[in-house]
Amino acid sequence: MDETVRYTYRLRPGATARAALLAEWGRCRWLWNEAVHQYKTGRKPTFGKLSKLLTEARARSSWLRDGSQVAQQQTLRTYALALQHSFKVKGRGRPRPKRRKDTLPSLEYTVRGFSIRDRRLRLPGGVAIPVVWSRELSSAPTSVRVYQDTIGHWYASFVVRRETPPAPDVEGAIGVDWGVTTTATTTDATYDLPYLGHRKRCAAELARAQRRMARRRRAKNVTPSNGYLRAKRQAAKVAKKAARQNTHDARVWAKKIIDNHATIAVEDFQPTFLTRSRMARKAADAAIGAAKRELIDRGMRAGRKVVLVPPAYTTMTCSQCGTRAKHRLGLGVRVFRCDTCGYTACRDRNAARTILATAERGRAGADDVRHAITSFRDGALVRSEPEVPRLSTVGKR
C-alpha cells in the first residue's frame with residue numbers, strides 16, 4: 001500500500017541561518033496578518049486576489065522581495081485553506097492575526113523552494129542547514145515545513161510517499177472505554193492502557209524551574225534576564241519530555257490494538273470538560289485525546305473498521321442483559337452490579353463491553369443508545385439514524 005506521510009528531522013541551524021529563518025517568518029507573518037485585515041474590512045479576497053496583491057506588494061517593497069516568493073505564496077495558500085475550513089468544519093473559527101510574542105515560526109516550501117544537497121537542507125537566499133538524518137527518506141520529498149517548537153529547536157517535516165505492507169488479516173473486535181485511573185480500558189484486559197503518570201514524575205523538576213522563573217521575573221514591559229529565559233526554557237523542556245513520552249506510549253498501544261483486531265469500537269469521549277473539574281491535572285497527564293487520535297488515525301491507515309460510539313448511558317448499562325440502571329453511578333463506585341441478572345464486573349470493563357455491543361449491532365445515533373439499548377436481550381437491530389454523526393464508521397476495509 002502506497003501512502004503519503006511526513007518524515008520529521010531535527011535541524012541544526014547556525015546563527016546566520018537562524019536569523020534568515022526568523023526574517024523570513026517575519027515577512028510571512030506580515031502577509032498572514034494583512035490577509036486577515038483584508039477579510040475583516042469586508043474585501044473578502046480569494047487566493048487568486050491575494051496572490052495578485054502579493055505580486056504588487058513585492059514590486060513596491062524591497063523588504064518583501066528579499067524573501068522567498070514560494071514561502072510567501074504558501075502562507076497565503078494556508079490562509080485560504082484555513083478560511084475555507086472555518087466555514088465547513090464545526091468549531092473552527094476564522095483565521096486570527098499572528099502575534100510575534102505568542103506565535104511560533106512555521107514556513108512552508110514546495111519543490112521549487114528547497115533542495116537537499118550534501119545532506120543539507122538548502123533554502124532560498126543561500127541558507128544551508130545541517131539535518132540530523134535519523135532515517136533515510138523513503139522517496140523524493142514534495143514539500144517541507146520548517147518550524148520551531150516551544151523549546152527553541154528547529155525541525156524539518158518532509159512530505160514523502162512510502163510503501164507500507166498491508167495490515168495482517170485478523171478477526172475479532174474490541175471495545176475501548178476512556179478513563180483517568182486507567183487511560184483506556186478494553187474488553188480484553190491484556191490490551192489496557194494504564195495511567196503512566198509521566199507529568200507527575202516530572203512535577204518536582206518542573207516546579208523547581210517555575211520557582212526560578214518566579215524569582216527572576218521582571219516588571220512588565222522590561223526585557224527579561226538571561227536567567228529567567230534559561231529557567232523558562234528548562235520548564236518547557238520538562239513539559240515537552242512528558243508529552244513525548246505520552247505520545248510514544250499511545251503509539252505503541254494503538255499499534256498493538258490495530259495489529260490484533262479487525263473491528264475497534266471507541267467511546268466518542270470528549271475530555272475537554274475534565275479541564276474544569278478537580279481531576280484536570282490528572283486528566284491532562286493521562287492524555288486521553290492524544291491516545292484517541294492515535295488509535296483512530298492508525299485504524300484508518302490500516303483499513304480497520306473503527307466505530308465511534310456515543311458515551312451516553314454506556315456506564316449504566318449491563319453488557320450481559322442490556323438492562324440500564326435507574327440511577328447514575330458515582331465516580332467512587334468502581335464495580336458495576338446488575339440488579340436484573342446479577343452480573344458483576346469492573347465498571348470500566350462493563351462500559352467497554354457495552355460500547356462493543358452497541359457497535360456490533362449497528363446503532364448510529366445517541367437516541368438509539370439512550371432509549372433502545374435494552375434490546376441487547378432480544379438481539380434485535382435498532383433503526384439507524386445516519387444524520388447523527390456521533391456513531392460512524394471511520395475506516396472500513
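Residues numbered from 1 in each chain as written. Predicted model: local features only at pLDDT ≥ 70, side-chain atom pairs only at ≥ 80, totals over all residues. Heavy atoms only, no water.

Chemist: Just give me the short version of the overall build of the protein chain, but keep the residues and values in it.
Modeler: For the protein chain, the helix and strand inventory stands at 11 helices and 14 strands. Projected onto its principal axes, the C-alpha coordinates of the protein chain cover approximately 80 × 50 × 45 Å. Burial statistics for the protein chain: of 397 residues in total, 42% are counted as buried. Put simply, 67% of the contacts in the protein chain that link residues at least 6 apart link residues at least 24 apart. Entry remark: accessible area of the protein chain is about 22400 Å², with carbon and sulfur atoms responsible for 51%. Put simply, the protein chain has 80 plus and 33 minus side-chain charges, and the middle of one group is 11 Å from the middle of the other. (Helix = DSSP H or I, 4+ residues; strand = E, 2+ residues; numbered from the N terminus. Buried < 20%, exposed > 50% of the residue type's maximum accessible area, 1.4 Å probe, protein only. Contact = heavy atoms within 4.5 Å. Areas by Shrake-Rupley, 256 points an atom, 1.4 Å probe, with all protein chains shown as cover. Lys, Arg positive; Asp, Glu negative; His and termini not counted. Charge placed at Lys NZ, Arg CZ, Asp CG, Glu CD.)

Chemist: Quick one: what's the story with the side chain of Arg58, residue by residue and with numbers?
Modeler: Looking at the secondary structure, you find Arg58 in helix H2 (residues 47-60). Only 3.0 Å separates the side chain of Arg58 from the side chain of Gln72, close enough to count as a polar contact. (Polar contact = N/O pair within 3.5 Å; in protein donor to acceptor, adjacent residues only side chain to side chain.)

Chemist: So what about empty space enclosed by the protein? Which residues, and what values?
Modeler: Within this structure, the stated rule accounts for one cavity of 30 Å³ or more. If you add up the space inside the largest cavity, you get close to 100 Å³. Forming the boundary of the largest cavity are 13 residues, of which Thr183, Leu193, Asn246, Asp249 and Ala286 lie nearest the centre. Within the residue set of the lining of the largest cavity, elements represented by two or more residues are helix H7 (226-260), helix H8 (280-286) and helix H9 (288-302). Of all the elements, H7 adds the most residues to the lining of the largest cavity, at three residues. Split by residue class, the lining of the largest cavity holds nine nonpolar, two polar and two charged. (1 Å grid on protein atoms, 1.4 Å probe; cavity = no way out; pocket = protein on both sides within 12 Å on 5 of 7 lines; lining within 4 Å. Points joined across faces, edges and corners; volume = space filled by probe spheres on them. Nonpolar A, V, L, I, M, F, W, Y, C, P; charged D, E, K, R; others polar.)

Chemist: Got a sec to walk through H2? Specific residues and values, please.
Modeler: Between its terminal C-alpha atoms H2 stretches 20 Å, which fits the 20 Å expected from 14 residues at 1.5 Å a residue. Turning to H2, its buried residues are Leu50, Ser51, Leu54, Ala57 and Arg58. Axial view of H2: buried residues confined to an arc of 125°, hence all on one face. In H2, the exposed positions angled more than 90 degrees off the buried face are occupied by Lys49, Lys52, Ala59 and Arg60. (Expected span 1.5 Å × (residues − 1). Arc of directions from axis to C-beta.)

Chemist: Describe the environment of Thr182, naming the residues involved and giving the relevant values.
Modeler: Topologically, Thr182 is positioned in the loop between strand E8 (173-178) and strand E9 (184-186). On the basis of relative accessibility, which here comes to 23%, the residue Thr182 falls in the partly exposed class. Sequence separation between Thr182 and Asp192 is 10 residues, and the spatial gap between their C-alpha atoms is 7.7 Å. The contact partners of Thr182, leaving out residues within four places of it in the chain, are Asp192, Leu193, Pro194 and Tyr195.

Chemist: Tell me about unusual backbone geometry, and please be specific about residues and values.
Modeler: Despite not being glycine, Arg119 has its phi angle at roughly 60°, a positive value. As for its position among the elements, Arg119 is in the loop between strand E3 (115-117) and strand E4 (120-123). Even without glycine at this site, Asn221 takes up a positive phi of about 65°. Along the chain, Asn221 falls in the loop between helix H6 (203-216) and H7.

Chemist: Run through the pattern of salt bridges, naming residues and quoting values.
Modeler: A side chain of one charge can pair with a side chain of the opposite charge if their charged atoms are brought near each other. Evaluation of the coordinates by the stated rule reveals 16 salt bridges. Residue Asp102 pairs with Arg99 through a salt bridge whose shortest N-O separation is 2.6 Å. Arg99 sits in the partly exposed class, given a relative accessible area of 46%. If you follow the salt bridges from partner to partner, you end up with Glu3, Arg162, Asp297 and Arg301 in one network. (Salt bridge = Lys/Arg side-chain N within 4 Å of Asp/Glu carboxyl O.)

Chemist: An account of the sheet that holds strand E2 (residues 106-110) is needed here, citing residue identities and associated values.
Modeler: In spatial order, the strands read E2-E6-E7-E1-E5-E4-E3; together these seven strands make up an open sheet with antiparallel pairing. Two strands in the sheet have a free side with no partner beyond their single neighbour: E2 and E3. Each strand of the sheet is rotated relative to its neighbour by a mean of 35°, with strand direction disregarded. The pairing of strand E1 (residues 2-11) with strand E5 (residues 127-132) spans two bridges and is classified as antiparallel. Residue pairing across strands places Arg10 opposite Val132, the latter belonging to E5. (Pairing = 2+ DSSP bridges. Axes fitted to C-alpha atoms, helices over the stretch in contact; angles between N-to-C directions.)

Chemist: Report on the environment of Val266, specifying residues and quantitative values.
Modeler: As for its position among the elements, Val266 is in strand E10 (residues 263-267). Placed 73 residues apart in sequence, Val266 and Leu193 show a C-alpha to C-alpha distance of 13 Å. Among all residues touching Val266, those that are not within four sequence positions of it are Val176, Trp178, Lys292, Leu295, Val306, Val307, Leu308, Val309 and Ile355.

Chemist: Residues and numbers for the packing of H2 against helix H4 (residues 69-88), please.
Modeler: Interhelical geometry of H2 versus H4 gives an angle of 150° and a closest axis separation of 10 Å. For the element pair H2 / H4, the angle class is roughly antiparallel. For the crossing formed where H2 meets H4, the hand is right-handed. Every residue of H4 that contacts H2 at Phe47, Leu50, Ser51, Leu54 and Arg58 is listed here: Gln69, Gln72, Gln73, Leu76, Arg77, Tyr79 and Ala80. When grouped by side-chain class, the residues that make up the contact of H2 with H4 number six nonpolar, four polar and two charged. (Parallel < 35°, antiparallel > 145°, perpendicular 65-115°, else oblique. Left-handed = near helix turned anticlockwise from the far one by under 90°.)

Chemist: So, the confidence of the model for the protein chain: which residues are in play, and what are the values?
Modeler: Mean pLDDT over the protein chain works out to 85, with 91% of the residues at or above the 70 mark. This model gives residues 364-397 a pLDDT under 50, and the stretch forms 81 contacts once residues within four places in sequence are excluded. (pLDDT = per-residue confidence, 0-100.)

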